[in-house]
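# Coordinate inspection notes
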Amino acid sequence: MHLATRRSTYVKKTPLLLIFLLLMASMSPKAATVDVKGTITLPYKGSLFSSAPSGAEKGGAMHDAKLQSWNLYTAQFNDAKMRQYLGVKEEFLSQIDNYVTNVRVIDESVDKDSKIITVAVRATINETAVNATLGAMSAAGQQGSGEGSLFTFIFVAREAVSAKTKDNKRIDVSQNQSASTATESLAGSGSSASSSSNVNTVNKSTTGGSTESTATQRKYQVTSSQDINANMSKILSTAGFEVVDYDDVVDACGGVERSVIGSEFGAEDDMSRSSRGSAIGASRDCDVTLFATGTIDIGVQDIDPVTGNRRVYTSVRAQVWDITRRLPRKVASVGPVQYAGLGPDDKVAMRNSLALAAEQAGREIVDQLNAKGIR
Amino acid sequence: MKRFSTAKESVACLRDSASLVRRQCSVLTVFLVLWSHGAGAVELYYAGFSFAGDYSQNQTRFPVAADLSTRKNADGLLVLDAALSMVVTEDYSNSVKLIKTLGVQNSGASQLSIAFALSEESTEEVEWGGQILYIYRVIAQVLVFDFDDKKLISNFPAMLQYQDIVEEKRSAEDHYEVFERIYLDTDAVSTSIFREWVRRLNSITIKQNYSAYLQLTDVVLDPELKAQMPSHLTLPDAYASQVAQQFEFILSEQQEVSLIPFTKGQAIGKKMAARFANGDSFQLALPEPDFTMTLTVHPFKYLQQSSTVSDKHAFGSFVTLAVEQPDLNKIYLDMRFKNVNVAVFDKRDETVVDKWQSFQTSLRSLFVNLATQISVPDKKLLASMTKDKSAEKQLKQFEEVIKKCI
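Residues numbered from 1 in each chain as written. Chains lettered and ligands numbered in written order. Predicted model: local features only at pLDDT ≥ 70, side-chain atom pairs only at ≥ 80, totals over all residues. Heavy atoms only, no water.

### Description of unusual backbone geometry
Residue and element names in this part refer to chain B. Its identity as a non-glycine residue notwithstanding, Lys150 has a phi of 50°, on the positive side. Summarising the element assignment, Lys150 is placed in the loop between β4 (131-146) and β5 (151-166). Look at Asn329: it is not a glycine, yet its phi comes out positive at around 55°. With respect to the helices and strands, Asn329 occurs in the loop between β12 (310-325) and β13 (330-346). (Helix = DSSP H or I, 4+ residues; strand = E, 2+ residues; numbered from the N terminus.)

Shown next as structure tokens:
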């Protein structure tokens, strides 16, 4: 039954997909491409009248060069993306000409004695096509509009406004010991005798103790998360997930307000247990299956010596839970990872940094969910 | 609700579904490839004036241009941008369509962009027969880059050298005025760097992509040469960069080849920073070179012959140029070349020559000869440059390398 349903869905979706792709084709933007360089070393047989490689052997070397370039490119995938790729590797390899384009032979070196040909090549990888195909072949990407998992998230951007560190508490313990030793000697001469004694005192001091350190307590000012939401939503939606605004969850199914969660993240590094329970419960009541929280901490601000722009660092941390069952299961975790944003002033640099952090965190989340086949 | 009666039927349906997914993915892939390649004629977006290299070094490397970069004219436009823009409007004649009014911006669409990238502003002071010779040099790159991907597509150096012989030593203010004229006096066609840059831009072939890239990756100075260097060139790296930029300019212009810029001490992680006069800045990714050049500069030699009526001075310059494919360890050219410039002066003039400056002139002549011999070998000239019998063959191999990078 499940198979029949899925098949009919694909059949229904094909015209829509074609229309979508035709629309994209008409927009005709440029692909993001990556150049890859590599060398291929292959043995060859040569022919009866020539010790040089034949045209067919050189053609075979070109195909190997293409595969080698592809392998060099895919070796740079992160763990999650690699897991997803390995599941559909054959699909890519069977259409490698569509992904590895413009293979150029830079030069070749032929060792006629050992009959080995080495070819240096530069190939262009159509990264847009690779990412789009991976996305389309992922479990989430194969959902039609309205069929993907409902995904809601609460991301808080915050900036440290105070950091309180208590002085280290040192407890010293000392113990003093003293000991005396006496020696007495007697000397006699005729009828008289005299005695003398020496007393030596030894002091021993032992010190010790412990130092008690306390963690720095930080207070944060929570700033607008609109840019984060927009960037995160863009990545998740493109990957096939159905993004639901958390405020809509609260409206429809109750749950703790976003502002309460924001103020909790302003004081602590995590939300309270009751707030988390309330947010997850309400989301579950609204049929949301994936729930994510995260913080993006705005850090050091300085001038980038290379570009001369203002530079703001942010640190992102995120977790995603599958909340379909009674006990939420963590299905993706990101960071903490630092990103730097540049801009002509602090404000622009900060927004760029937040947008970059949100986008990269979103991509990492999508890669991890795709790798697990979560749709 | 359909139920499968047999395992065979179930497997067949599975196969159908898988086949459908594959077909759908094939359709998707074909369209993505067509979509992403987006055919069309090459168009260039004008990005304006920029500084090449780290912002933190701008005041040191280009003191006058860095100062001028904040100055605005009566219309509120930045003077450097305004002067360059005017020259581009007046002189641009390359066959590639230049879109000048929009500027570059994040559009998500293909934007092959072009910028004036200033890479050197320097002054040399040389004692010359009781007078002082000043050499003012400005080098700028015709930087073609992909704005969206922030990567370098091609690079062609342009150079303006202006010399002045004066009786008295010049002050910093005097030098400032000369450079200000080089940048802003665009009516003086022969001494305007912007006119020279556009002339260079008009002469090049602009392409969306290149098959291979060539780069001068190292300039090695012989230890004996370092001992010959005058005291004002205290940093050998600075002289190496100067030699590199002159060699790049001459080779690129003679052979019309794009070169990845020589970036000793400037680029980090194969990136080159570009900061525009309007404050925009970004780092361009430099392609990895497919072919590398290494230039070794050997000690200069000087000879003098005097007769009753004249003094004859000979200034010899010597370099070894090696061209290699680094992945294959294949050497195309590895040869020592020389050039001797001869100057004859009337003995009555009692001319005092500046050896170092004459060596530099000899070196530049050597670069010009070498760059022309690659494609138009002259047996007589080549024989005077090297004794190696394989010179013509090796230069031919170098020419083949250059052809792959054009």
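From this point, things continue past the structure.
### Here's the deal with the side chain of A:Ser353
Residue and element names in this part refer to chain A. Within the secondary structure, Ser353 sits in helix α11 (residues 346-371). A residue is classified by how much of its surface remains accessible, and Ser353, at 0% relative accessible area, is buried. Only 2.9 Å separates the side chain of Ser353 from the side chain of Thr314, close enough to count as a polar contact. Aside from chain neighbours lying at most four places away, what touches Ser353 is Val312, Tyr313, Thr314, Tyr339, Ala340 and Gly341. (Buried < 20%, exposed > 50% of the residue type's maximum accessible area, 1.4 Å probe, protein only. Polar contact = N/O pair within 3.5 Å; in protein donor to acceptor, adjacent residues only side chain to side chain. Contact = heavy atoms within 4.5 Å.)

### With respect to the confidence of the model for chain B
Residues and elements named next belong to chain B. Per-chain confidence: chain B averages 84 in pLDDT, with 83% of residues scoring 70 or above. Contacts for the low-pLDDT stretch residues 1-21, under 50 throughout, to residues beyond four places or in other chains number 19 contacts. Every residue in residues 29-39 scores below 50 in pLDDT, and together they form 28 contacts with partners more than four places removed in sequence or on other chains. What the predictor reports for the complex is a pTM of 0.71 with an ipTM of 0.73. (pLDDT = per-residue confidence, 0-100.)

### Some remarks on helix α4 (residues 79-91) of chain B
All names here are of chain B. For α4, spanning 13 residues, the distance from its first C-alpha to its last is 18 Å, which sits close to the expected 18 Å at 1.5 Å a residue. Three or more residues of α4 are buried, namely Val79, Leu80, Ala83, Leu84, Val87 and Val88. Seen along its axis, α4 keeps its buried residues to an arc of 165°; they face one direction. (Expected span 1.5 Å × (residues − 1). Arc of directions from axis to C-beta.)

### Quick notes on α11(A)
Taking 1.5 Å per residue as the helical rise, α11(A) with its 26 residues ought to reach 38 Å, and the 37 Å between its terminal C-alpha atoms agrees with that figure. The distance from a side-chain oxygen at the start of α11(A) to the backbone nitrogen of A:Lys347 is 3.1 Å, and the residue carrying that oxygen is A:Asp345.

### Here we look at the sheet that holds strand β1 (residues 33-43) of chain A
All names here are of chain A. The sheet built from three strands is open, its strands ordered β1-β3-β2 with antiparallel pairing. Looking at strand neighbours, the two that pair on one side only are β1 and β2 (100-111), the edges of this open sheet. For this sheet, the mean angle separating the axes of adjacent strands, direction not counted, is 15°. Note: β2 against strand β3 (residues 116-126), nine bridges, orientation antiparallel. (Pairing = 2+ DSSP bridges. Axes fitted to C-alpha atoms, helices over the stretch in contact; angles between N-to-C directions.)

### Quick look at the nonpolar core
Residue and element names in this part refer to chain B. Judged by nonpolar contacts, the single largest core of 60 residues is most densely connected at Tyr183 and Trp197. Take this core: its biggest share by element is nine residues, from β4. Once residues lying within four places of it in the same chain are set aside, the contact partners of Trp197 are Leu84, Val88, Ile114, Ala115, Phe116, Ala140, Gln141, Val142 and Ala158. Within the second largest apolar cluster, 53 residues are counted, among which are Phe247, Leu328, Leu366 and Phe398. (Core = buried A, V, L, I, M, F, W, Y, C linked by side-chain atoms within 4.5 Å.)

### Description of the pairing of β4(B)
Residues and elements named next belong to chain B. The element β4 is extensively covered by neighbouring structure, given that 15 of its 16 residues are classed as buried. Where β4 meets β5, 15 bridges bridge the pair, whose relative direction is antiparallel. When the sheet's bridge partners are listed, Asp146 is paired in β5 with Lys151. The turn joining β4 and β5, which pair antiparallel and follow one another in sequence, is formed by four residues; a positive phi near 50° is taken by Lys150.

### What to know about the packing of aromatic side chains
Inspection of every chain in the model, using the stated rule, returns 28 aromatic pairs over all chains. Between B:Tyr210 and B:Tyr213, the ring centres sit 6.2 Å apart and the planes meet at 50°, which makes this aromatic pair tilted. Taken together, A:Trp70, A:Tyr73, A:Phe77, A:Tyr85, A:Phe92 and A:Tyr99 form an aromatic cluster joined through their ring pairs. Of note, A:Arg276 hangs over the ring of A:Trp321, and the distance from its end group to the ring centre comes to 4.4 Å. Between B:Lys100 and the ring centre of B:Tyr46, over which it is positioned, the NZ or CZ distance is 5.5 Å. (Phe/Tyr/Trp six-rings, centres within 6.5 Å; stacked < 30°, edge-to-face > 60°. Lys NZ or Arg CZ within 6 Å of the ring centre and 35° of its normal.)

### Some thoughts on a nonpolar patch on the surface
Residues and elements named next belong to chain B. Residues Val340, Val342 and Val344 make up a contiguous nonpolar surface patch of roughly 260 Å² in combined accessible area. For Val344, the location among the structural elements is in strand β13. Judged by relative accessible area, Val344 falls into the exposed class, the value being 53%. (Patch = residues over 30% accessible without salt bridge, like charges linked within 9 Å, V, L, I, M, F, W, Y side chains within 5 Å. Areas by Shrake-Rupley, 256 points an atom, 1.4 Å probe, with all protein chains shown as cover. Salt bridge = Lys/Arg side-chain N within 4 Å of Asp/Glu carboxyl O.)

### Some remarks on the packing of helix α8 (residues 246-253) of chain A against helix α10 (residues 273-285) of chain A
All names here are of chain A. For the pair α8 and α10, interaxial distance at closest approach is 9 Å and the crossing angle is 75°. Relative to α10, the element α8 lies roughly perpendicular. Counted together, Tyr246, Val249 and Cys253 of α8 and Ala279, Ala282, Ser283 and Asp285 of α10 form the full contact between these two elements. Among the residues forming the contact of α8 with α10, the class breakdown is five nonpolar, one polar and one charged. (Parallel < 35°, antiparallel > 145°, perpendicular 65-115°, else oblique. Nonpolar A, V, L, I, M, F, W, Y, C, P; charged D, E, K, R; others polar.)

### Describing the pairing of strand β10 (residues 310-322) of chain A
Residue and element names in this part refer to chain A. Pairing of strand β9 (residues 290-303) with β10 involves twelve bridges; the strand directions are antiparallel. Each bridged residue has a counterpart across the sheet, and for Leu290 the counterpart in β10 is Asp322. Adjacent in sequence and paired antiparallel, β9 and β10 are bridged by six residues, among which Gly308 carries a positive phi angle near 80°. In this structure, β10 lies alongside strand β11 (residues 329-343), joined through twelve bridges in antiparallel fashion. Residue pairing across strands places Val312 opposite Gly341, the latter belonging to β11. Count of turn residues in the β10/β11 antiparallel hairpin: six residues.

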